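# Topology and contacts: notes
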Amino acid sequence: MSHSVAREPQRRNSRSNRARILATARQELGRNPDVTLEEIARASGVVRRTLFGHFPGRAALLEALAEEASEALRGVLEAAARPDAPAERALAHFVCSIWPVGDRYRLLLALAQRDLGVERVAGILAPARDEVTAILARGQRDGVFHAHLPPAVLSAGLEGMHIALLEQINRGALEDDGTRVAVATLVAAGVPERDARAVVDDVVRTAAATAEARPPAATARTQPRGSAD
């Protein structure tokens, strides 16, 4: 048996430990931003030395979570773009697609000011902000969205609403798979509520049908690397 083959189980175990630590960190930091690395190690089922072997300190752990979030966001954006769809449908599809990522990494919003820094979080969100602004601009030109605010300003307002709703999830006051948020987003952008509900319902049905028809391997590729949950 070669040395490299003998080490493969160790590498797999190391990757598994790293993924488990990151998954646990997302949960524990979401519940308590002040949780210690030692507490995360215990919750992960690994010893302190194992955690520090992967992440030498809190900053390294948070940066790994930030990069994981950035990768997940980029992957969703590639799949969620609908440049040829009507603007209201493109926005609904975007919100429904991106909401699970926001829900999964909402802890980073709470840590932005204190740990990661506003610029780091802004860098992660920049592609999503650009996409929403472009959709809003297109919808304003088509008369679908109200135009009394510039697209970038309206985008910032919608983002603020999403952050507030994610905070309500943090507090246990709201549960949503993105559907209700998508309706609220369209309404806030100027779409009548009845029309907004119809658009979102159709987008959700289409996405579900597409997911059922998609090969399992394609579904697996949409998950961020290192994901264990």
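Residues numbered from 1 in each chain as written. Predicted model: local features only at pLDDT ≥ 70, side-chain atom pairs only at ≥ 80, totals over all residues. Heavy atoms only, no water.

What follows concerns the overall build of the chain. Regarding its fold elements, the chain presents 11 helices and 0 strands. Going residue by residue from the N terminus, the α and β elements of the chain occur as α-α-α-α-α-α-α-α-α-α-α. The buried share of the chain, reckoned over its 229 residues, is 37%. Element-wise, carbon and sulfur atoms account for 54% of the exposed surface of the chain, whose accessible area totals about 12600 Å². (Helix = DSSP H or I, 4+ residues; strand = E, 2+ residues; numbered from the N terminus. Buried < 20%, exposed > 50% of the residue type's maximum accessible area, 1.4 Å probe, protein only. Areas by Shrake-Rupley, 256 points an atom, 1.4 Å probe, with all protein chains shown as cover.)

Right, let's get into the nonpolar core. Among the nonpolar cores identified, the biggest contains 60 residues, and Leu-29, Ile-40, Leu-91, Phe-145 and Leu-186 are the most heavily contacted of them. Looking at this core element by element, the count peaks at 11 residues for helix H4 (residues 58-80). The residues touching Ile-40, leaving out its near neighbours within four places in the chain, are Ile-21, Thr-24, Ala-25, Glu-28, Leu-29, Val-35, Leu-51 and Leu-61. (Core = buried A, V, L, I, M, F, W, Y, C linked by side-chain atoms within 4.5 Å. Contact = heavy atoms within 4.5 Å.)

As a packed pair, helix H5 (residues 87-104) and helix H8 (residues 151-170) sit with axes 11 Å apart at the nearest point and diverge in direction by 50°. Comparing their axes, H8 and H5 come out oblique. As for the relative orientation of H5 and H8, their crossing is right-handed in sense. Packed against H5, whose contacting residues are Val-95, Trp-99, Gly-102 and Asp-103, the element H8 presents His-162, Leu-165, Leu-166 and Ile-169 at the interface. Its residues assigned to classes, the contact of H5 with H8 comprises 5 nonpolar, 2 polar and 1 charged. (Axes fitted to C-alpha atoms, helices over the stretch in contact; angles between N-to-C directions. Parallel < 35°, antiparallel > 145°, perpendicular 65-115°, else oblique. Left-handed = near helix turned anticlockwise from the far one by under 90°. Nonpolar A, V, L, I, M, F, W, Y, C, P; charged D, E, K, R; others polar.)

Glancing now at the environment of Pro-100. With respect to the helices, strands and loops of the structure, Pro-100 is situated in helix H5. Linking Pro-100 and Val-76, residues 24 residues apart in sequence, is a C-alpha distance of 9.7 Å.

Of note, Ser-44 is situated in helix H2 (residues 37-44). Given a relative accessible area of 4%, Ser-44 falls into the buried group. Of the polar contacts made by the side chain of Ser-44, one reaches the backbone oxygen of Ile-40; its length is 2.7 Å. Not counting residues within four places of it along the chain, the set of residues in contact with Ser-44 comprises Arg-20, Ile-21 and Thr-24. (Polar contact = N/O pair within 3.5 Å; in protein donor to acceptor, adjacent residues only side chain to side chain.)

Once that is clear, we can look at the confidence of the model for the chain. Taken over all residues, the pLDDT of the chain has a mean of 84, while the share at 70 or more is 86%. Considering each helix and strand of the chain separately, the mean pLDDT is smallest for helix H11 (residues 216-221), with a value of 50, and largest for helix H9 (residues 179-189), with 96. With pLDDT under 50 throughout, residues 218-229 is counted as low confidence; its partners more than four residues away or in other chains account for 16 contacts. (pLDDT = per-residue confidence, 0-100.)

Here we come to H8. If you check H8, its first and last C-alpha atoms are 28 Å apart, about what 20 residues at 1.5 Å a residue would give, namely 28 Å. Residues of H8 that are buried include every one of Leu-154, Ser-155, Leu-158, Glu-159, His-162, Leu-166 and Ile-169, and no others. In an axial view of H8, the angular spread of the buried residues amounts to 140°, which keeps them on one side of the axis. A positive phi of about 80° marks Gly-172, the residue just after H8. (Expected span 1.5 Å × (residues − 1). Arc of directions from axis to C-beta.)

Residues that lie three or four places apart on an α-helix share one face, since the helix turns once every 3.6 residues. Inspection of H2 places Leu-37, Ile-40, Ala-41 and Ser-44 among the buried residues, and these make up the whole buried set. Each buried residue of H2 sits inside an arc of 100° when the element is viewed along its axis, so together they form one side. Immediately downstream of H2, the backbone of Gly-45 shows phi near 80°, a positive value.

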